[in-house]
Amino acid sequence: MKKSVVVLAIGMVFSSMLFQSCKDNVDKIEVKSTEEIGQEVMNDTTENKDPQIATIQNMKDAFKGETTAHAKYAAFSKKAVEEGYPEIAMLFKAASEAELIHANNHKVVLDRMGEKTPDVTPEFTVNSTKENLKDAIEGESYEFNTMYPNFIKDAHAAGNYMAQISLTYAYKVEQKHRDFYINALKALEDGNVKSLPSLYYLCPTCGNTYATTAPARCEISMTNSKLFIKIDSL
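Since this is a predicted model, take the numbers as computed values, not measurements. (Residues numbered from 1 in each chain as written. Predicted model: local features only at pLDDT ≥ 70, side-chain atom pairs only at ≥ 80, totals over all residues. Heavy atoms only, no water.)

> Help me understand the nonpolar core, please; the structure alone is not making it clear to me.
In a soluble, globular protein the nonpolar side chains are often hidden away together inside. By size, the foremost hydrophobic cluster in this structure holds 26 residues, and its most contacted members are Tyr73, Ile88, Phe92, Leu133, Tyr181 and Tyr200. For this core, the elements supplying multiple residues, two or more each, are helix H3 (51-82), helix H4 (86-112), helix H5 (129-158), helix H6 (161-189) and strand E1 (200-202). With eight residues, H4 is the largest single contributor of residues to this core. If near-sequence neighbours (up to four positions away) are discounted, tyrosine 73 is found in contact with Phe92, Ala95, Ser96, Glu99, Ala136, Glu140 and Tyr181. In terms of nonpolar packing, the next biggest core, distinct from the first, is built from 14 residues, Ala103, Leu110, Leu167 and Ala170 among them. (Core = buried A, V, L, I, M, F, W, Y, C linked by side-chain atoms within 4.5 Å. Buried < 20%, exposed > 50% of the residue type's maximum accessible area, 1.4 Å probe, protein only. Helix = DSSP H or I, 4+ residues; strand = E, 2+ residues; numbered from the N terminus. Contact = heavy atoms within 4.5 Å.)

In structure tokens, the structure reads:
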């Protein structure tokens, strides 16, 4: 009887020690939110993705984005004309044509990769010119800050030089478009739209956009300015 009591006592002590050990280990576990876990999964997926496959999809997404931007900005240009803002309309027209150059560059890369260019049905909403400018700023900021930098990294990892060039051309030009739109929005809010440029030049190689005057060669692609596209009428 005494032996049973001793065994029972030892068992209780051992169980208590085991429970405390488990509790200590649980206390050391880092509790992560759903957002943190989701981000880790995304990071892991990004790090382990096939850059070749990623670049193909990126080029298709970029083509869709630029094709949509081409149509959207053309529609925004018409809206600006309707509202009596020809200078802003000219900016949208110039940007629209630049986006088409980007789309065509992306198409060349896809063709070179043996990939079919996706069919695109542009979807967008035309609001007031003020709202359209805000929409354009948001879109260009996303492409410049997030989309194109990530796409360029994938193309570099894949060793796809043509994709890097096409993506980099668009990346550098989108920053200029964003700044043009920011200035236009400020001018509109200040009631000073007439101060905006009414003449633009486009580099046919990369879509680089210059207001009023242009250098002898494109500062991105080195294309001779004699080949630039002049945008001076709606």
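> Looking at this structure, I do not really get the packing of H4 against H5. What am I missing?
Angle between the axes and distance between the axes: these two values describe a pair of packed helices. Contact geometry of H4 with H5 gives a least axis separation of 12 Å together with a crossing angle of 30°. Viewed along their axes, H4 and H5 adopt a mutual orientation that is roughly parallel. The hand of the H4/H5 crossing is left-handed. Seen from H4, the contacting residues are Ile88, Phe92, Glu99 and His106; seen from H5, they are Thr129, Asn132, Leu133, Ala136, Glu140 and Tyr148. Counted by class, the contact of H4 with H5 contains five nonpolar, three polar and two charged residues. (Axes fitted to C-alpha atoms, helices over the stretch in contact; angles between N-to-C directions. Parallel < 35°, antiparallel > 145°, perpendicular 65-115°, else oblique. Left-handed = near helix turned anticlockwise from the far one by under 90°. Nonpolar A, V, L, I, M, F, W, Y, C, P; charged D, E, K, R; others polar.)

> Would you mind showing me how to read the packing of aromatic side chains here?
Both the distance between ring centres and the angle between the ring planes are used here to describe each pair of aromatic rings. Scanning the entire structure with this criterion turns up nine aromatic pairs. Ring geometry for tyrosine 73 and phenylalanine 76: centres 6.2 Å apart, planes at 45°, overall tilted. Here phenylalanine 76 and tyrosine 73 lie together in helix H3, a separation of three residues that amounts to about one turn. For tyrosine 73, a relative accessible area of 2% corresponds to the buried category. For phenylalanine 76, a relative accessible area of 0% translates into the label buried. Taking the centre distance of 5.8 Å and the plane angle of 85° together, the rings of phenylalanine 180 and tyrosine 200 count as edge-to-face. Taken as a pair, phenylalanine 180 in helix H6 and tyrosine 200 in strand E1 lie far apart in primary sequence, 20 residues in all. We classify tyrosine 200 as buried; its relative accessible area is 2%. Taken together, the ring pairs in this structure connect Tyr73, Phe76, Phe92 and Tyr181 into an aromatic cluster. Here lysine 176 stacks its cationic end above the ring of tyrosine 210, 4.0 Å away from the centre of that ring. (Phe/Tyr/Trp six-rings, centres within 6.5 Å; stacked < 30°, edge-to-face > 60°. Lys NZ or Arg CZ within 6 Å of the ring centre and 35° of its normal.)

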